[in-house]
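# Close look at the chain arrangement
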Amino acid sequence: MERHCPSSLPRFPVFLSSTTAMDSIKQILGELNNDSFVSLLSKLIGEAKFVQNNPPENLIPQEDKIVNHVLDVLNPFSTANGGPLLINHVSYAPGRGNLIVEYPGTVSGRVVSFVGSHMDVVPADPDTWKFSPFSLSVEGDQLRGRGTTDCLGHVALLTELLKKLAETKLKLKSSVVVVFIASEENNSIPGIGVEQLAKEGYFDALKGGPLYWIDTADSHPCIGTGGQIPWKLVAHGKLFHSGLAHQAINAMELAMEALKVIQARFYEDFPPHPKEQVYGFATPSTMKPTQWIYPGGGLNQIPGECTISGDVRLTPFYNVKDVMTKLKGYVDYINANIEKLDTRGPVSKYVLPNEGIRGRIDLTFGEAMSGVACDLDSRGYKLLHNATKEVIGHVKPYSITGSLPLIRELQEEGFDVHTAGYGLLDTYHAQNEYCLLSDMGNGYKIFASIISQLEQD
C-alpha cells in the first residue's frame, strides 16, 4: 500500500454544523462542475491508449497513468496536507494500481461506498472510428472517446464528487468511500484488481451501508446482471486429404454437430426463468460460440483438430456450478455415443473402426462469475430509486446479462449491493463511444441525493 501526499497545503473552510449539513447537503454539493469534469476527463481519455486491456494481444494496461491524474486532483485534500481525504494506492503489479479514497464520517461503522469504476478500457482501432478514440472530443452534449461511457467517465465523475466533499468539508455521519479498480475488462492476468482487494479485506469496512457498483449505463438502476462462463470446445478427428474424405474424421464437422447438441440441451435445461420478467432482463440465459480456431493447413486438407470458444451468459436465478456440471455431462454423453452424432454427407463419420480411431471433444472453462439480482426491498435500493426519481423524474429499472466481477459474492456475504451508471448502453464497448455531459451531471446529483438521504437515518 502506498500513500501519495504532496506538500502543498490548501486552505479549507471550517466544518459546518451537523444540522446545516443534514438540511443542505444537496445545495452545498450543488451541481457537477462541468469545466473541471471535462478537463479531468480529457486527461483520462488521453491515456486510454495505454490502458487498453487485452493481454493476448500484448495490451497490458498501466492503470497508474489514470491513478496519477486522479491523485493530482485529490492529493491536495489528503490528510497529510491538512485535508479530510484518506488516500490508499494499492498495487499488486508495477504500474497497475487500485485507488481507495475515503471521506470520513463521524459515526463509526456508517458508510456509503461507490465501487467498481475501473481504470482500464477495451481495445479500440482508430481506423474504424469516426473520431479519435484516444483523445476527448466534444460535440454539443456528447463527450467522445474510448472510456467515456465505460468507465473513465465514472472515474472522473467520482473524483469530482470527492473533491467537492473535501472542499466543502461537510460534516457527515456516514463515511463516503470510493474504490477505483484495475484490470476489470480482462482477467487473464489474475490477482491485480478488485478480487484481490476483497481477498485482502479492503471491502470489510463497507458492510455498514449500501455499496453502489458504478459501471453500468443509461442512468437508471440496473437491478440484475448475468453470470459468465467462458468455455472452449476442442474437437479431435483425423487429418487427411480432402479427396479421400472417407479416411478422415473432419474435426470441423464434429465440432459443429457436437455444439449443436450441447446448445440444444442447454436451452432445454436452462429455459427462460419466470423471475427474468420481474427483473426486466433483456435476454434469458444464452450459450453461443464467439470464436473459431484451427491449426492451419491447405484447402485440400480435412482438419484433424479445431477449437470453438464462446461463453454462457446466465441470469442470476441459475447456479453457475450447476451449468458447468451439466455441460460436462453433455460432452461425456456425446463422447460415449459419438456414433450417434449427426453427420454431414455419405462419407462423413466420427469413427474409423479399422484404424481404431474415435473422434472426441474436450470442454474446458475459463474463470466463471455469477450474476446478481439486487434486493429491491433493501435500504440501498430505496435510496437509489428515490434519488433517480428526484433527479430524472421517473425510474425505469432494467437488467442485462452483462457481467460484473465480485458483486454476487459480496451480496452473499451480506453487502447491500446495487449497480448504476451514467454512460450510454448503446455505445458500451462499441466503436465511436461517447457519453452525455448532461447524464454525468445527473449522476452527480443522484450521488449527492443518496448521501443526503443517508444523513436522515
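Residues numbered from 1 in each chain as written. Predicted model: local features only at pLDDT ≥ 70, side-chain atom pairs only at ≥ 80, totals over all residues. Heavy atoms only, no water.

## Observations concerning the domain arrangement of the protein
Under the domain assignment, the protein is made up of domain 1 (19-225 + 372-456) and domain 2 (227-365). Listed by partner, the interface residues are 14 residues for domain 1 and 12 residues for domain 2. Considering only the side of domain 1, the residues that lose the most area to domain 2 are Ser399, Thr401 and Ser403, jointly responsible for 50% of the buried surface there. At the boundary of domain 1 and domain 2, one finds 0 salt bridges. Taken together, the connections running from domain 1 to domain 2 amount to 7 residue pairs in polar contact (both at pLDDT 80 or more). (Domains from an automatic or database assignment. Contact = heavy atoms within 4.5 Å. Buried area = accessible area lost by both parts, 1.4 Å probe. Salt bridge = Lys/Arg side-chain N within 4 Å of Asp/Glu carboxyl O. Polar contact = N/O pair within 3.5 Å; in protein donor to acceptor, adjacent residues only side chain to side chain.)

## Some details on the nonpolar core
Core analysis: the biggest nonpolar cluster contains 58 residues, and Phe37, Phe114 and Phe180 have the highest contact counts within it. Non-local contacts of Phe180, meaning those with residues more than four positions away in its chain, are made with Val70, Asn98, Leu99, Val101, Ser117, Met119, Val155, Leu158, Thr159 and Leu162. One finds Ala251, Val312, Leu314 and Leu327 within the second-largest nonpolar core, a separate group that totals 32 residues. (Core = buried A, V, L, I, M, F, W, Y, C linked by side-chain atoms within 4.5 Å. Buried < 20%, exposed > 50% of the residue type's maximum accessible area, 1.4 Å probe, protein only.)

## Here's the deal with the layout of surface pockets
Where empty space is left in the structure can be found by rolling a water-sized probe over the atoms. Each pocket or cavity is described by its volume, and for the second largest pocket that value is around 230 Å³. Elements with a minimum of two residues in the lining of the second largest pocket: strand S1 (86-91), strand S2 (97-103) and strand S6 (175-181). Each residue belonging to the lining of the second largest pocket can be placed in one class, and the counts come to 7 nonpolar, 2 polar and 3 charged. (1 Å grid on protein atoms, 1.4 Å probe; cavity = no way out; pocket = protein on both sides within 12 Å on 5 of 7 lines; lining within 4 Å. Points joined across faces, edges and corners; volume = space filled by probe spheres on them. Helix = DSSP H or I, 4+ residues; strand = E, 2+ residues; numbered from the N terminus. Nonpolar A, V, L, I, M, F, W, Y, C, P; charged D, E, K, R; others polar.)

## Here we look at the pattern of salt bridges
For the structure on display, the rule yields 12 salt bridges. In this structure, the salt-bridge partner of Asp269 is Lys326, at a minimum N-O distance of 3.9 Å. In this pair, Asp269 sits in helix H6 (residues 251-269) while Lys326 sits in helix H8 (residues 320-336), placing the two residues 57 residues apart along the sequence. Asp269 gets classed as partly exposed once you look at its relative accessible area, which sits at 29%. On the accessibility criterion, Lys326 (39% relative accessible area) is partly exposed. Residues Asp311 and Lys288 are paired through a salt bridge, measuring 3.0 Å at the closest nitrogen-oxygen approach. Residue Asp311 is found in strand S13 (residues 305-314), and its partner Lys288 is found in strand S11 (residues 286-293); the two are separated by 23 residues along the sequence.

## Focus: the pairing of S13
The element S13 is largely enclosed, with a buried count of 9 among its 10 residues. As paired elements, S11 and S13 share 7 bridges and run antiparallel to each other. Bridge pairing in S13 places Gln291 opposite Ser309. (Pairing = 2+ DSSP bridges.)

## Topic: the sheet that holds S13
If you trace the 4 strands from one edge of the open sheet to the other, you get S11-S13-S9-S16, paired in antiparallel fashion. Of all strands in the sheet, those bounded by a partner on one side alone are S11 and strand S16 (360-365). Between one strand and the next, the sheet's axes are offset by a mean angle of 25°, whatever the strand orientation. Its contacts with the sheet place H6 against strand S9 (227-236), S11, S13 and S16, and it is angled at close to 165° to S11. Across the sheet, H8 is in contact with S9, S11, S13 and S16; its angle to S16 comes to roughly 170°. (Axes fitted to C-alpha atoms, helices over the stretch in contact; angles between N-to-C directions.)

## Focus: a negative patch on the surface
On the surface, Glu195, Asp204, Glu367, Glu409 and Glu413 cluster together into a negatively charged patch. Inspection of the secondary structure puts Glu413 in the loop between helix H10 (407-412) and strand S19 (417-420). (Patch = residues over 30% accessible without salt bridge, like charges linked within 9 Å, V, L, I, M, F, W, Y side chains within 5 Å. Areas by Shrake-Rupley, 256 points an atom, 1.4 Å probe, with all protein chains shown as cover. Lys, Arg positive; Asp, Glu negative; His and termini not counted. Charge placed at Lys NZ, Arg CZ, Asp CG, Glu CD.)

## Some points on the pairing of S6
Among the 7 residues of S6, 7 are classified as buried, and the element is accordingly described as predominantly covered. Here S6 shows no split at all, with Ser175, Val177, Val179 and Ile181 on one side and Val176, Val178 and Phe180 on the other all buried. Note: S2 against S6, 5 bridges, orientation antiparallel. Within S6, the position partnered with Val101 by the bridge is Val178. As judged from the 7 bridges shared by strand S3 (residues 111-118) and S6, these two strands associate in the parallel manner. In the sheet register, Val111 faces S6, and the bridge partner there is Ser175.

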